[in-house]
Amino acid sequence: MTFLQDSKEPGRSDWELARLAVHLRGFAAYADDPQADAARSLEVAFTADEIRRADAFLEASRQDAGRLAAVEARLGEDGTGDEAWLVQQLTTAWARLDELRDRIDTGGSLMANTHVASAIDYIRGSRP
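Residues numbered from 1 in each chain as written. Predicted model: local features only at pLDDT ≥ 70, side-chain atom pairs only at ≥ 80, totals over all residues. Heavy atoms only, no water.

### Some details on the overall build of the protein chain
Phase 1: Counting its secondary structure elements, the protein chain contains 6 helices and 0 strands.
Phase 2: Ordered by position in the sequence, the α and β elements of the protein chain form the string α-α-α-α-α-α.
Phase 3: Scaling as 2.2 N^0.38, a compact globule of 128 residues should have a C-alpha radius of gyration of about 14 Å, whereas the protein chain reaches 18 Å, well beyond that.
Phase 4: Seen through its C-alpha atoms, the protein chain measures out along the principal axes to roughly 55 × 35 × 35 Å.
Phase 5: For the protein chain, the proportion of its 128 residues judged to be buried stands at 25%.
Phase 6: In the protein chain, the proportion of contacts linking residues at least 24 apart, taken out of those at least 6 apart, comes to 65%.
Phase 7: Surface accessibility of the protein chain: about 8800 Å² in total, with carbon and sulfur atoms responsible for 53%.
Phase 8: If you average the places of the 15 positive and of the 23 negative side-chain charges in the protein chain, the two averages end up 4 Å apart. (Helix = DSSP H or I, 4+ residues; strand = E, 2+ residues; numbered from the N terminus. Rg over C-alpha atoms; globule rule 2.2 N^0.38 Å. Buried < 20%, exposed > 50% of the residue type's maximum accessible area, 1.4 Å probe, protein only. Contact = heavy atoms within 4.5 Å. Areas by Shrake-Rupley, 256 points an atom, 1.4 Å probe, with all protein chains shown as cover. Lys, Arg positive; Asp, Glu negative; His and termini not counted. Charge placed at Lys NZ, Arg CZ, Asp CG, Glu CD.)

The following block contains the structure:
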């Protein structure tokens, strides 16, 4: 892929870059060849570093449920200390975050989704 050499808008945050990347990839779904159209759109909009930053931002927001389950399994039934409490708190926080993200994604036009999403650094529609 051949990306831009210089940024069209230098100084954009990782959140802004990721938001635009999700938008361009989503819009490409209407093309005959969505993957090629998305790649073409990303090349026009970003430098190689910007798309790397956008993808890293999106990847960092994914929850590593497998690792949490492994920690929970390692603790077993004897997990009564701080680690067990932290696992429970993280499980609860992730469940609430998922619910919040679902509500942002399905909120329609009744609320300012972008304002709410930006408050928690979430990109609307970025979850599979």
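### Comments concerning the side chain of Arg12
Phase 1: Structurally, Arg12 is set in the segment before helix H1 (14-27).
Phase 2: A distance of 3.4 Å separates the side chain of Arg12 from the backbone oxygen of Glu9, its partner in a polar contact.
Phase 3: If sequence neighbours within four positions are ignored, Arg12 has contacts with Ser7, Leu17, Leu20, Ala45, Phe46, Glu50 and Arg53. (Polar contact = N/O pair within 3.5 Å; in protein donor to acceptor, adjacent residues only side chain to side chain.)

### A closer look at the packing of H1 against helix H2 (residues 34-45)
Phase 1: In the contact formed by H1 and H2, the axes pass within 8 Å of each other and the chain directions differ by 145°. For the element pair H1 and H2, the recorded crossing hand is right-handed. Contact residues: Leu20, Ala21, Leu24 and Arg25 in H1; Ala38, Ser41, Leu42 and Ala45 in H2.
Phase 2: Of the residues that constitute the contact of H1 with H2, the class distribution is 6 nonpolar, 1 polar and 1 charged. (Axes fitted to C-alpha atoms, helices over the stretch in contact; angles between N-to-C directions. Left-handed = near helix turned anticlockwise from the far one by under 90°. Nonpolar A, V, L, I, M, F, W, Y, C, P; charged D, E, K, R; others polar.)

### A short note on the nonpolar core
Phase 1: By size, the foremost hydrophobic cluster in this structure holds 14 residues, and its most contacted members are Ala21, Leu42, Phe46, Ile51 and Ile123.
Phase 2: Every element with two or more residues in this core is listed here: H1, H2 and helix H3 (48-60).
Phase 3: Non-local contacts of Leu42, meaning those with residues more than four positions away in its chain, are made with Phe3, Ala21, Leu24, Arg25 and Ile51.
Phase 4: Leu68, Leu75, Val87 and Trp94 belong to the second-largest nonpolar core, a separate cluster that totals 5 residues. (Core = buried A, V, L, I, M, F, W, Y, C linked by side-chain atoms within 4.5 Å.)

### Some thoughts on H1
Phase 1: An ideal rise of 1.5 Å per residue puts 20 Å on 14 residues; H1 measures up with 20 Å between its terminal C-alpha atoms.
Phase 2: By the burial criterion, the buried members of H1 are Trp15, Leu17, Ala18, Ala21, Val22 and Leu24. (Expected span 1.5 Å × (residues − 1).)

### Overview of the layout of surface pockets
Phase 1: Put simply, the largest pocket is a space of about 200 Å³.
Phase 2: As for the largest pocket, its lining consists of Trp15, Arg19, Val22, His23, Asn113, Thr114, Ala117, Tyr122, Ile123 and Arg124.
Phase 3: Those elements giving two or more residues to the lining of the largest pocket turn out to be H1 and helix H6 (113-119).
Phase 4: Top contributing element to the lining of the largest pocket by residue count: H1, with 4 residues.
Phase 5: Classifying every residue of the lining of the largest pocket by side-chain character gives 5 nonpolar, 3 polar and 2 charged. (1 Å grid on protein atoms, 1.4 Å probe; cavity = no way out; pocket = protein on both sides within 12 Å on 5 of 7 lines; lining within 4 Å. Points joined across faces, edges and corners; volume = space filled by probe spheres on them.)

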